[in-house]
Amino acid sequence: MIKPKTLSFLTELAENNNREWFAENKYLYEEAKADLFPLIAKLIKELAIIDPQFSADTEPKKALMRIYRDVRFSKNKDPYKKNYGIAFDVKGYGPNIAAYYLHLQPGNCFFGVGFWQPESSVLKMIREEIDYNTSEFLDVINAKEFKSIFKLSQEDKLKKAPKGYEITHPEIELLKLKSFIAIYSIPDAEFFKPTIVDKLITAFKTIQPFVLFLRKATTP
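In this report, the structure presented in the accompanying data block is examined. Throughout, residues of each chain are indexed from 1 in the direction in which the sequence is written. Per-residue local features of the predicted model are confined to residues with pLDDT of at least 70, and side-chain atom pairs are confined, for both listing and counting, to 80 or more; whole-chain, interface and lining totals are unaffected and use all residues. With hydrogens and water stripped out, all remaining heavy atoms of the structure feed into the side-chain values.

**Examining the nonpolar core**
To define a nonpolar core, start from buried Ala, Val, Leu, Ile, Met, Phe, Trp, Tyr and Cys residues and group those joined through side-chain atoms within 4.5 Å. Accessibility here uses a 1.4 Å probe with only protein chains present; expressed as a share of the type maximum, an area under 20% marks a residue as buried, one over 50% as exposed, and anything in between as partly exposed. Within the largest apolar cluster, 65 residues are counted, with the highest numbers of intra-cluster contacts made by Tyr-84, Phe-88, Leu-104, Phe-111 and Phe-210. The contact definition used throughout considers only heavy atoms, calling two residues in contact when any of these lie within 4.5 Å. Excluding its chain neighbours within four sequence positions, the residues that come into contact with Phe-111 are Tyr-100, Tyr-101, Leu-102, Phe-150, Ala-182, Ile-183, Tyr-184, Ile-186, Leu-200, Ala-203 and Phe-204.

**Details of the environment of Phe-192**
Residue placement: Phe-192 occurs in the loop between strand S5 (180–186) and helix H9 (196–206). Between the alpha carbons of Phe-192 and Ile-2 there is a distance of 5.2 Å; along the sequence they are 190 residues apart. Setting aside its immediate chain neighbours within four residues, Phe-192 contacts Met-1, Ile-2, Lys-3, Pro-4 and Leu-7. Runs of H or I in DSSP of at least four residues are treated as helices and runs of E of at least two as strands, each being numbered from the N terminus.

**Topic: the pattern of salt bridges**
Salt bridge, as used here: a side-chain nitrogen of Lys or Arg that lies within 4 Å of a carboxyl oxygen of Asp or Glu. In this structure the tally under the stated criterion is 13 salt bridges. In this structure, Lys-5 and Glu-31 form a salt bridge, with 3.5 Å as the shortest nitrogen-oxygen distance. Here Glu-31 lies in helix H3 (residues 26–50) and Lys-5 lies in helix H1 (residues 4–15), a separation of 26 residues in the sequence. Assessed through its relative accessible area of 36%, Glu-31 is described here as partly exposed. Connected through shared salt-bridge partners, Glu-129, Glu-136 and Lys-216 make up one network.

**Quick notes on unusual backbone geometry**
Positive phi values are uncommon outside glycine, yet Gln-117 reaches one of about 45°. Looking at Gln-117, the relative accessible area reads 45%, which means it is partly exposed.

**A closer look at the environment of Lys-82**
Along the chain, Lys-82 falls in the loop between helix H4 (60–63) and strand S1 (84–88). Overall, Lys-82 belongs to the partly exposed group, its relative accessible area being 38%. Sequence separation between Lys-82 and Leu-7 is 75 residues; the distance between their C-alpha atoms is 9.9 Å. When residues no more than four places from it in sequence are discounted, the contact partners of Lys-82 are Leu-10, Ala-14, Asn-17, Gln-105 and Pro-106.

**Description of the pairing of strand S3 (residues 109–115)**
Burial analysis of S3 places seven of its seven residues in the buried class, which makes it a mostly covered element. In terms of strand pairing, strand S2 (residues 99–104) meets S3 through five bridges, oriented antiparallel. Directly across from His-103, in S3, lies its bridge partner Phe-110. Here, any two strands with at least 2 DSSP bridges between them count as paired. Following S2, the chain reverses through four residues before pairing antiparallel with S3; Gly-107 in that reversal takes a positive phi of roughly 80°.

**A closer look at the packing of aromatic side chains**
Each aromatic ring pair is specified by the distance between its two centres and by the angle formed by the two planes. Note on aromatic pairs: the rings of Phe, Tyr and Trp (six-membered ring only in Trp) are paired at centre separations within 6.5 Å, and the planes decide the class, stacked below 30 degrees, edge-to-face beyond 60, tilted for the rest. What the rule picks out here adds up to 19 aromatic pairs. Between the aromatic rings of Phe-146 and Phe-210, the centroid separation amounts to 6.0 Å while the plane-to-plane angle is 50°, which identifies the pairing as tilted. Placement of Phe-146 in helix H7 (residues 144–149) and of Phe-210 in helix H10 (residues 208–218) is noted, with a sequence separation of 64 residues between them. Classification of Phe-146 by relative accessible area gives buried; the value is 3%.

Here it is, written out as structure tokens:
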């Protein structure tokens, strides 16, 4: 579990998103990182047991993404993110590898698995696999265990049918998706309890059929 002040730091940062405030309060960020590392280390160990493709040698400090934003090409010039992003490495990590990601942000904590806006070639392979093996994919996302924890994100999708598919396709709403991500929303307070690790381990186990389907789809 983590301390409440680790999340509350993000609330303060969101209200004071400037370099001067951050410089004066950087010690709070360092304390937050030190609080997060044991949780990350535990999850790395457990995930490596569940998923043989997971890299057990990942260092917690490498899994925790930088809090500094790249503002060069963004209209939003806030220098800092408002969340902690934790990316769990998978062996062979690359554009055609489904990812595990833990997002910690006050009021918006979640565990996400899959592909966020993948390259067109990868997206094409996923759609083809769903088209060819529709019943298998539906079994995965409609399974009682999956639905009790995860929801398939519907936020990022085309308005029209993707190229090569008719609008009358029975699963056209799935094929319209531009991202294939299973989301497990987690209340902030759950991270302050020792049971959070068990909850995430259960989520890791539950999401494996989804991960395996995506791996099959994107393996050349």
